[in-house]
Amino acid sequence: MPQSSTSSTPSSSARVLVLNGPNLNLLGRRQPEIYGTDTLADVEKLCAEAAAAHGLETDFRQSNHEGQLVDWIQEAREHHAAIVINPAAYTHTSVAVRDALAACDELPIMEVHISNIHRREEFRHHSYVSPVADGVIAGCGIQGYALAVQRVAHLLEQREGDGSSRA
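A brief look at the structure comes next. (Residues numbered from 1 in each chain as written. Predicted model: local features only at pLDDT ≥ 70, side-chain atom pairs only at ≥ 80, totals over all residues. Heavy atoms only, no water.)

## Some thoughts on helix 2 (residues 40-52)
Between the first and last C-alpha of helix 2 there are 18 Å, a value that for 13 residues agrees with the 18 Å anticipated at 1.5 Å per step. Of the positions making up helix 2, those classed as buried are L40, V43, E44, C47, A48, A50 and A51. Along the axis of helix 2, the buried positions cluster into a sector of 165°, meaning they face one direction only. Turned more than 90 degrees away from the buried face of helix 2, the exposed residues are A41 and K45. (Helix = DSSP H or I, 4+ residues; strand = E, 2+ residues; numbered from the N terminus. Expected span 1.5 Å × (residues − 1). Buried < 20%, exposed > 50% of the residue type's maximum accessible area, 1.4 Å probe, protein only. Arc of directions from axis to C-beta.)

## With respect to helix 3 (residues 66-79)
Taking 1.5 Å as the rise per residue, helix 3 with 14 residues should run 20 Å; its terminal C-alpha atoms sit 20 Å apart, in good agreement. For helix 3, the full list of buried residues reads L69, V70, W72, I73 and A76. Projected onto a plane normal to the axis of helix 3, the buried residues spread over an arc of 165° and lie on a single side. Looking at helix 3, the residues exposed on the side facing more than 90 degrees away from the buried face are E78 and H79.

## Describing the pattern of salt bridges
In this structure the tally under the stated criterion is 5 salt bridges. Of the charged contacts in the structure, one is a salt bridge between D59 and R61, with a shortest N-O distance of 2.8 Å. In this pair, the class of D59 matches that of R61, namely buried. With a closest N to O distance of 3.7 Å, E75 and R61 form a salt bridge. Of this pair, E75 sits in helix 3 while R61 sits in strand 3 (residues 56-62), placing them 14 residues apart in sequence. The partly exposed category is assigned to E75, whose relative accessible area is 38%. (Salt bridge = Lys/Arg side-chain N within 4 Å of Asp/Glu carboxyl O.)

## Overview of the packing of helix 3 against helix 4 (residues 95-102)
Axis separation between helix 3 and helix 4 bottoms out at 9 Å; the angle between their running directions is 5°. Classified by the angle between their axes, helix 3 and helix 4 sit roughly parallel to one another. Residue-level contacts link E66, V70 and I73 of helix 3 to A96, V97, A100 and L101 of helix 4. (Axes fitted to C-alpha atoms, helices over the stretch in contact; angles between N-to-C directions. Parallel < 35°, antiparallel > 145°, perpendicular 65-115°, else oblique. Contact = heavy atoms within 4.5 Å.)

## Section: the environment of A146
With respect to the helices, strands and loops of the structure, A146 is situated in helix 5 (residues 143-162). As a C-alpha pair, A146 and V112 span 34 residues in sequence and 9.8 Å in three-dimensional space. Apart from residues no more than four positions distant in its own chain, A146 is found in contact with L46 and A50.

Spelled out as structure tokens, the structure:
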């Protein structure tokens, strides 16, 4: 069942959608030798703290269902200022997720992976998401999420400063 929650600060005006793909609901229990022992709740807290430091809110969600992720990405066009996404296995398989992200061309998008996908199995080396993302962070553990939130905050500030639609 998809998980969704919102973390916010009262003074925040811009929301960052933080999306997590399949099996990330098992974070901390599934393959801790690869993904560590931190849970998805730990990631949510880390993202909320990183966003609050930049005056942003997070809307943190996880689903094992591709169509649900696509729906949330499409909704982000109207309701969010940026997207941070760990598409998990859909990184390597989902043209639908890639196309939905491509339709969000006005939003900063960061792709995150807890493990270094380039040091893993060959099939994990290709990402359908990377060509439509503003940046990719891989192999930094859950800290990569905080780095991604910081980066989208910077891109949003840059966009406000120069008036461009895509930093």
